[in-house]
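# Observations on the model geometry
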Amino acid sequence: MTVASSFATVSLSEEDEGFRKVSCCIQKAQNKIEKVGEEDEGATLDEAHCSPGPHLAEECATLKDVHCLSHRMAKVTNAYDLQVRPNEGPIPAALPRTKMRLFMHKQLRKQQQEEMGGRGGGRSKRTQRKHFRDGRENVWKNKSDPQQENGNDHWAPFVVDNAAFEEYYKEQGIVRPEEWDSFMACLRTTLPAAFRVNSSSQFCTDLMSQLEDEFTKTLQAEGTEGLRSLPWYPGNFAWQSTFSRMQLRKNKSLGRFHEFLKQENEIGNITRQEAVSMIPPLFLDVHRDHFVIDMCAAPGSKTFQLLEMIHQESEVGSLPGGMIVANDVDVKRCNLLIHQTKRMSTANLVVTNHEAQHFPGCHMKKDHVNGSELGMTQLLFDRVLCDVPCSGDGTLRKAPDIWRKWGVGMANGVHCLQLQIAMRGLTLLKTGGRMVYSTCSMNPVENEAVVSEILRRCGDSVELVDVSSELPQLIRRPGLKSWKVRDKGVWLASHKDACKHGRSGIVPSMFPSGQVHVETSDDGNEKPTTITGAEILEDGNSNNGDVDAADGGLVAEVSSLPLERCMRFVPHDQNTGAFFIAVFHKISHLPALQTKSNKHSRESNSDNDKKVKQGEDKDINGMDLSDEEATADAGVIDKESDEDEDSNPSKKVRVQSPNKAQSRADKANDKRKLQIQGRWYGVDPVVFFKDDAILTRIKEFYGIKESFPFSNHFITRNSDTSHVKRIYYISESVKNVVELNFLAGEQLKITSIGLKMFERQTSKEGVSSPCVFRISSEGLPLLLPHMTKQIACASPVDFKHLLQYKSIKFPDLVDDGFREKVSALSLGCCVVVLNKGNESSSDPPVVDKSTIAIGCWKGRSSLAVMVTPIDCEELLERIMVRFETKKESFPDVNCDNAQVKEDSEIVDDPQLKEDSKTSVDVEVNKD
Ligand SMILES: C[S@@+](CC[C@H](N)C(=O)[O-])C[C@H]1O[C@@H](n2cnc3c(N)ncnc32)[C@H](O)[C@@H]1O
């Protein structure tokens, strides 16, 4: 056996200690992934997306780290914590020379970073290593696996059957009896691969033509349909092939298409994402000036869509007025999200790491309110996405191990959390705003039950929106009106049943009526406290769920809430996974005080209506969100109240006397102070960068126009601003949020923010430049239209050489004009723009959407590219495709004749050389 470590390749014989471990690890990884039928970054993200929590996802990510290397796709896991370890990854088989070099660069770089504690300091690397260890342990965790113990390396195929699953969903009437077989048959087939072309990509049009003209036709030859754009996705940006990922990987004739998907995904031009997972953002109706929060965002495929939406019509060099907060409780998954969204190069994103159900209210402190010009005193959102953690059984087609794991407890166990997250989302939503609640589960307890309870709690202040006229080509089914709850083998039709069977974990909100069962009279009769949401039978009694059906089964309650407005997506309707979506519109502030399981006012009696006062938004504990003292740390207060509710859901939330409320607020305030002292341990601070000397130097060096918003738009993650290495740019909207956060006492735990725009060049040559800060690849597209200096237009020949050879000595530049221009530039960072030959040579060049430019370093004797090798390779390919498509000829350059040398011979400065390979390292932002 041959195994690649980060540096060397070692051979293990069967006698060697470790042979069996390594072989089991690889076998397990490969076997598992093959069964899943996916093997690349997209798969990792999708896996992570569908998993109920971090465990399955991280395990898969770790496993894929092993496997991915053999397919040269290690980016997601490489970028963070799940690094390749000695003896855990097979060496790539038969890579082409250029790819082998890329691979080796990556390995070398990773090893160096690990040894040095990372580029930006030790702490986050330590965290990354810890994450890796955690992940790695997952690989070995199944020690009791008898197959492993017996040394049996043969893995049985996944069993795609589960009797309990069938019984459960048949009983719930998830589909009509006559379609049961097609439903099940579809669930047992693997999911076709789907992806989106990123509409904000510079090469979007080129990619669309390539898909339409080239791949659609070639794939048609392979299958019945091959490849098609999804008719319901606006702009035809979403595509689905009839091939599963496994087929794409294994079928040689699909190789070119598969390579295309992998490469473009890695670069960020496309996103591999399951078709149904693309739907929730479409119903959010996001505009470019909206403030949006994605409450459970990792690994970020929907966040990416949201970012595309707000950036959609941006002019080059300008930013939308809106912004996205992407939040996830799991820091490792936040890292995945950061990596995923880095590909978007956006200054309008803040990544936070909170429990969504306790997401801070972020209220400005009272003493700032009058003096502030911010225009907002509290962080509220125009749009909220609650893509909540769920049991994930809608993803059976791509994660077949769920067949084995499935049980009703998975859904029952997350119902309360889902409800809390959704309620918090509504609290953070502006009046008039829209919230989408979604799960990749089919279970009504996670879906319709949560929606019903939201409606009951919110009364008239929230409406379930009928979106049947939106996206008409998308096939969807109405939500269920009736369902039962199953717990430990027993069917329960109402909360009364749950009490009867002593099921304290089964809460009233899981049932269609939401009715709380309480013992109220001495004679032993049980009476419900309220009759809400459930159908009132003609005789005036509620259908209370304890009526035996003629066949001896229980009759489920029937909801009279408008649950038909919810949307269910079932696999056999349009060959997808399953999904559930509900759209809410916030009409007014949420009810001030609510009883647990209170009435849905449209149906409730007038008494109850009177109790539901409209006023300032309150959280579910009745806390006034406009009261900064009381909600100074919403997390602390909510936590207490929510835990209280959950541990005994049937308990009514107490109405507090003003004194009690005050003392509670004081207590919360004390806790907040305590928290702030040690606030966000392990997370770098967000600091406005205000060093005028440096900023003026940067502005002058690059000739940045006055029109580019500069003041207070730069931040660092280092409180010692004299040693700043990276400077991030933030949009006006993000700036406002950061300022508000300061005025609110730094309630937001921000893990990543803004766009890396400048990086300090620490090499000898770098320091001798008049400006030690170079422009990062991510920041270049935004900055270039505002630059007037340090720009040179290269002829296609020289541009191509730069991409191919990464560094060229001045005498080796082919075009005299370009050589002269470069020689005249100041030593240091510069931008080389591709001159396609047909533009007038204005200086600086006119920048539009089609402009292709790269960051370079002008040294004393050479010009070096500061773009990663993979990006160079991709850019080269894209340029060729663009020229070919437009039937223009890209000047044929005979590289052998052009006297350029390998970069290793040309770049003399090791730091520069290193930076040119890694200038767009993606990391959680740090300094
Ligand atoms: C279904 S996934 C979200 C997928 C994501 N929206 C996407 O499209 O890529 C659910 C996410 O919720 C996160 N999560 C679980 N509990 C949470 C909580 N209490 N607060 C915030 N996030 C939570 C998990 O870490 C997981 O990343």
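Refer to the preceding data block for the structure.
Residues numbered from 1 in each chain as written. Predicted model: local features only at pLDDT ≥ 70, side-chain atom pairs only at ≥ 80, totals over all residues. Heavy atoms only, no water.

This part is about the overall build of the chain. Of the regular secondary structure elements, the chain holds 33 helices and 30 strands. Looking at the chain alone, contacts between residues at least 24 apart form 77% of all its contacts between residues at least 6 apart. Accessible area of the chain: about 35,400 Å², with a carbon and sulfur share of 50%. (Helix = DSSP H or I, 4+ residues; strand = E, 2+ residues; numbered from the N terminus. Contact = heavy atoms within 4.5 Å. Areas by Shrake-Rupley, 256 points an atom, 1.4 Å probe, with all protein chains shown as cover.)

With that settled, the discussion passes to the sheet that holds strand β24 (residues 755–760). A sheet is described by the order of its strands in space; here five strands give the open sequence β20-β21-β22-β24-β25, paired in antiparallel fashion. Across the chains shown, the open sheet's two edge strands, defined by having one partner strand only, are β20 (687–688) and β25 (773–775). Note: strand β22 (residues 726–729) against β24, four bridges, orientation antiparallel. Counterpart to Arg726 in the pairing with β24 is Glu759. Along the sheet, helix α25 (residues 692–702) makes contact with β21 (714–716), β22, β24 and β25, crossing β25 at roughly 50°. (Pairing = 2+ DSSP bridges. Axes fitted to C-alpha atoms, helices over the stretch in contact; angles between N-to-C directions.)

What follows covers the packing of aromatic side chains. What describes a pair of aromatic rings is the distance from one ring centre to the other and the angle between the planes of the rings. Under the criterion given, the structure shown has 21 aromatic pairs. Here the aromatic rings of Phe257 and Phe260 are separated by 6.3 Å at their centres, their planes lie at 15°, and the arrangement is stacked. Taken as a pair, Phe257 and Phe260 lie in helix α12 (residues 255–267) at a separation of three residues, close to a single helical turn. Of the residues examined, Phe257 reaches a relative accessible area of 2% and is grouped as buried. Here Phe260 falls in the buried class, since its relative accessible area comes to 6%. The interplanar angle of 50° and the centroid separation of 5.9 Å between the aromatic rings of Phe688 and Phe742 together place this pair among those described as tilted. On the criterion of sequence distance, the pair formed by Phe688 in strand β20 and Phe742 in helix α26 (residues 732–743) is long-range, its members being 54 residues apart. A relative accessible area of 14% places Phe688 in the buried class. Every member of this aromatic cluster is reached through a ring pair, and the members are Phe701, Tyr702, Phe708, Phe710, Phe714, Tyr729 and Phe758. (Phe/Tyr/Trp six-rings, centres within 6.5 Å; stacked < 30°, edge-to-face > 60°. Buried < 20%, exposed > 50% of the residue type's maximum accessible area, 1.4 Å probe, protein only.)

With that settled, the discussion passes to the side chain of Ser277. Residue position: Ser277 is located in the loop between β6 (270–272) and α13 (279–282). The exposure class assigned to Ser277 is buried, which follows from its relative accessible area of 1%. Within the local environment of Ser277, its side chain forms a polar contact with the side chain of Gln273, the two groups lying 3.0 Å apart. (Polar contact = N/O pair within 3.5 Å; in protein donor to acceptor, adjacent residues only side chain to side chain.)

The next thing to look at is helix α14 (residues 301–311). Where burial is concerned, most of α14 is hidden: 11 out of the 11 residues are buried. For α14, the complete set of buried residues consists of Ser301, Lys302, Thr303, Phe304, Gln305, Leu306, Leu307, Glu308, Met309, Ile310 and His311.

Along the chain, Asp573 falls in helix α21 (residues 571–574). It is 8.7 Å that separates the C-alpha atoms of Asp573 and Phe183, two residues lying 390 residues apart in sequence. If sequence neighbours within four positions are ignored, Asp573 has contacts with Ile475 and Arg477.

Attention shifts here to the nonpolar core. By size, the foremost hydrophobic cluster in this structure holds 86 residues, and its most contacted members are Phe257 and Phe799. Ranked by residues supplied to this core, first place goes to helix α10 (residues 204–220) with six residues. Excluding residues within four positions of it along the chain, Phe257 makes contact with Phe195, Leu211, Phe215, Leu219, Leu227, Ser241 and Leu248. (Core = buried A, V, L, I, M, F, W, Y, C linked by side-chain atoms within 4.5 Å.)

Taken together, 22 residues lie around the ligand, and Lys302, Asp328, Arg333, Ala356 and Asp387 are the ones closest in. Take Gly300: an N or O atom from its main chain is 3.0 Å from an oxygen atom of the ligand. Only α14 and α18 (408–428) provide two or more residues apiece to the shell around the ligand. Across the shell around the ligand, the residue classes tally to 11 nonpolar, five polar and six charged. (Near = heavy atom within 4 Å. Nonpolar A, V, L, I, M, F, W, Y, C, P; charged D, E, K, R; others polar.)

This part covers the sheet that holds strand β4 (residues 227–229). On the basis of which strands lie adjacent, the open sheet formed by four strands has the order β4-β5-β3-β6 and antiparallel pairing. Taken across any chain shown, the strands that pair with only one partner, and hence form the sheet edges, are β4 and β6. On average, adjacent strands in this sheet sit at an angle of 25° to one another, irrespective of strand direction. Relative to strand β5 (residues 238–244), β4 runs antiparallel, the two sharing three bridges. Within the sheet, the bridge partner assigned to Arg228 lies in β5 and is Gln240.

Another point: the packing of α10 against α12. One can describe the packing of α10 onto α12 by two numbers: an axis separation of 11 Å at closest approach and a directional angle of 155°. The orientation of α10 with respect to α12, classified from their angle, is roughly antiparallel. At the point where α10 passes α12, the crossing takes the left-handed sense. Contacts between α10 and α12 involve Leu207, Gln210, Leu211, Glu214, Phe215 and Leu219 on the former and, on the latter, Arg256, Phe257, Phe260 and Glu264. Across the contact of α10 with α12, the residue classes break down as six nonpolar, one polar and three charged. (Parallel < 35°, antiparallel > 145°, perpendicular 65-115°, else oblique. Left-handed = near helix turned anticlockwise from the far one by under 90°.)

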